[in-house]
Amino acid sequence: MDIYREQLLDHYRNPRGWGLKEGADFTYELYNQLCGDTLTVQLWVNNDSIAEMRFFGVGCAISRACTSLVAESVKDKNISHLQAMKLSDIEALLGEKVSPGRISCALLGLSAAQHALL
Amino acid sequence: MTNLGINIDFPIFKHHPSLVFLDNAATTQKPSVVINAEKEFYETTYANIHRATYDIAVQATDLFEGVRSQAADFIGANAPGEIVFTRNASEALNLAAYVIGQSLTAGDELLISVAGHHSNVLPWMRLAQEKKATIKWVEITKEGRLDIDSFKKNLSARTKVVVFEHVSNVLGYVNPVQDLSTMAHAVGALVVVDAAQSSCRMPINVQTLDVDFMAFSGHKMYGPTGSGFLYGKQVYLASAEPLLVGGGTIKKVTRQTIEWEKSPWRFEAGTPDIAGVVGLGACLTYLKKVGMGTMWQHDQELTAYIAEQLACLPFLKLYGPKVLQDRAAIFSFLIEVDGQTLHSHDVAEICNKSGVAIRGGHHCAQLLMQALGVEDVNRASFGAYNTTEDVDVLVAALNQAFDTFKKV
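Because the structure is a prediction, the values reported are computed rather than measured.

Student: I tried to follow the pairing of strand S2 (residues 83-86) of chain B on my own but got confused; where do I start?
Tutor: In the case of a regular strand, side chains alternate between the two sheet surfaces. Residue and element names in this part refer to chain B. Every second residue of S2 is oriented toward a common face, with Ile83 and Phe85 on one face and Val84 and Thr86 on the other, all of them buried. Relative to strand S8 (residues 228-232), S2 is paired through four bridges, and the arrangement is antiparallel. Bridge assignment links threonine 86 to a residue of S8, and that residue is glycine 228.

Quick look at the structure:
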């Protein structure tokens, strides 16, 4: 399996929702102890729908790309869609399985977004 | 001698023929003599030590104490009593800090290398907090070595202990231990050195180096996990209280009194990793056979080849000295592509696809990462079984990492 294919590279180079803005409804910062990656996620919510998800942080290609995929996926959808997302959903968006050693990287953005809603 | 030809001694390379293991600073693979020694011990001579009088208990005790003598001999200690078995270098350094701490008072100073592994930083930070002592940090030069001027500047009559690594686990430099010890002793300070990255690749003589305490990691020098030891000069161990207390640490105990056992046994509470120590003994025998001088020559020839090959990669930013004098085969680096630095875990993942095992992260040296101004680096650390062919496979993998991320 080769995870570093076009889909990942595209979302790594042009992450959707990259950069933080003022006025978010929810914000959450997460730290990945394994590698020292940090990630801040912001959510704007209108009537139970995610208007926008933005993020910023230091991280590997997998964490940045997967967070971008999540941000793109949850836009304009009900918050239940974000709350229900799992690794398998991210892998489906990526078009590749994530190796066991990198699962925490792939889930970093999703975890932060889900925590933001708690 | 860039290929020692000892791969055949290590069974893991039969199981994984295309494995290029370049994470030796994290841990080393084991020769079959070490694996077999532990197995044979369990099968033929296993019993607890220092306790019973039946035959296999006496034999097990003799085997265990025999390794203590071997270890003393291996490092040029004055007596086996200067060797305290621990489960790793981390425990050895915690013990050294605990022993030294018994004579520290408020206002005393500790001079510590900022490049130290967390195991040679945290015990001292905690000690300083407990005793209200002051820490002075020895910095890193731009070249990527310990800053000897910074060492001299921060050394004073108030310095009670200096703490540093023999070889840096990230930058690969070899410190001038003897010179630093001389300077430290001149002001009455004790010298504690982490030998985790040196005892695996060069001969060590604690008399020549003139250290007071030195920590050794068994698993990083081709020995079993759970084995390691602290060298401590008898004069400092003789009257110190142990860190861990329990079975084997006392001659006599009543409800009111404790009469400690003699050193070094006083410092070895409970049943040790007996089989691990037996395996360590087989390891020391093996290393003596290969010869630590030969190991160092191999390390140095490999270092020269690695430096030459990595210098040909324009996208590589190397950390640590480029001058090869006093520099071991541990290379840390980052890769830049289109103005962006690749995260070390992405590089490690791509290397893994070619069977190359390198490390990414902070390498238990966060203070050093902060001093270097980075979050993480990749590290390729070479061992006795590595060859120039391994270097070539690494270089190909690094090129692959660059190509993967390069925009076409």
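Read on, since the account is not over.
Student: In this structure, what is going on with empty space enclosed by the protein? I would like to understand it.
Tutor: Over the atoms, a rolled probe matching the size of one water molecule traces out where space is still vacant. Residues and elements named next belong to chain B. With the rule as written, the count across this model stands at four cavities of 30 Å³ or more. Along its surface, the largest cavity is lined by Cys200, Arg201, Tyr222, Met295, His298, Asp299, Leu302, Ala329, Phe382, Gly383 and Ala384. A per-class count over the lining of the largest cavity returns seven nonpolar, two polar and two charged.

Student: Is there a simple way to think about the nonpolar core in this case?
Tutor: All names here are of chain B. Formed by 72 residues in total, the largest nonpolar core has its most connected members in Ile75, Val162, Val211, Met214, Tyr222 and Leu287. At eleven residues, the largest contribution of residues to this core is made by helix H10 (residues 274-290). With near-sequence residues (within four places) excluded, leucine 287 lies in contact with Phe74, Met221, Tyr222, Met292 and Met295.

Student: It is not clear to me how the interface of chain B and chain A should be interpreted in this structure. Could you clarify?
Tutor: Put simply, an interface is often sized by how much accessible area is lost when its parts join up. Between chain B and chain A, the contact holds 15 residues from the first and 20 residues from the second. Surface buried jointly by chain B and chain A totals about 1,400 Å² across both partners, of which 51% is contributed by carbon and sulfur atoms. Run the count over chain B and chain A and you get two salt bridges. With a closest N to O distance of 3.2 Å, aspartate 346 of chain B and arginine 102 of chain A form a salt bridge. In this structure, the connection of chain B to chain A is made through nine residue pairs in polar contact (both at pLDDT 80 or more). Among the elements of the structure, strand S13 (340-341), helix H12 (344-353) and helix H14 (388-405) of chain B are those that each provide at least two residues to the side of chain B that touches chain A. The element that contributes the greatest number of residues to the side of chain B that touches chain A is H12 of chain B, accounting for five residues. Taken together, the residues of the side of chain B that touches chain A sort by class into three nonpolar, six polar and six charged.

Student: Quick question: what am I supposed to make of the pattern of salt bridges here?
Tutor: It is possible for side chains of opposite charge to pair when their charged atoms get near one another. If you walk through the whole model with that rule in mind, you get 24 salt bridges over all chains. Residue glutamate 52 of chain A is joined to arginine 54 of chain A by a salt bridge in which the shortest nitrogen-to-oxygen separation is 2.7 Å. Ionic pairing is found between glutamate 109 of chain B and lysine 136 of chain B, a salt bridge with its closest N-O pair at 3.5 Å. Remark: lysine 136 of chain B occurs in strand S4 (residues 134-138) and glutamate 109 of chain B occurs in strand S3 (residues 109-113); sequence separation between them is 27 residues. For glutamate 109 of chain B, a relative accessible area of 6% corresponds to the buried category. Linked by salt bridges that have partners in common, Asp10, Arg16 and Glu72 of chain A make up one network.

Reading guide: rules and limits
Residues numbered from 1 in each chain as written. Chains lettered and ligands numbered in written order. Predicted model: local features only at pLDDT ≥ 70, side-chain atom pairs only at ≥ 80, totals over all residues. Heavy atoms only, no water. Buried < 20%, exposed > 50% of the residue type's maximum accessible area, 1.4 Å probe, protein only. Helix = DSSP H or I, 4+ residues; strand = E, 2+ residues; numbered from the N terminus. Pairing = 2+ DSSP bridges. 1 Å grid on protein atoms, 1.4 Å probe; cavity = no way out; pocket = protein on both sides within 12 Å on 5 of 7 lines; lining within 4 Å. Points joined across faces, edges and corners; volume = space filled by probe spheres on them. Nonpolar A, V, L, I, M, F, W, Y, C, P; charged D, E, K, R; others polar. Core = buried A, V, L, I, M, F, W, Y, C linked by side-chain atoms within 4.5 Å. Contact = heavy atoms within 4.5 Å. Buried area = accessible area lost by both parts, 1.4 Å probe. Salt bridge = Lys/Arg side-chain N within 4 Å of Asp/Glu carboxyl O. Polar contact = N/O pair within 3.5 Å; in protein donor to acceptor, adjacent residues only side chain to side chain.

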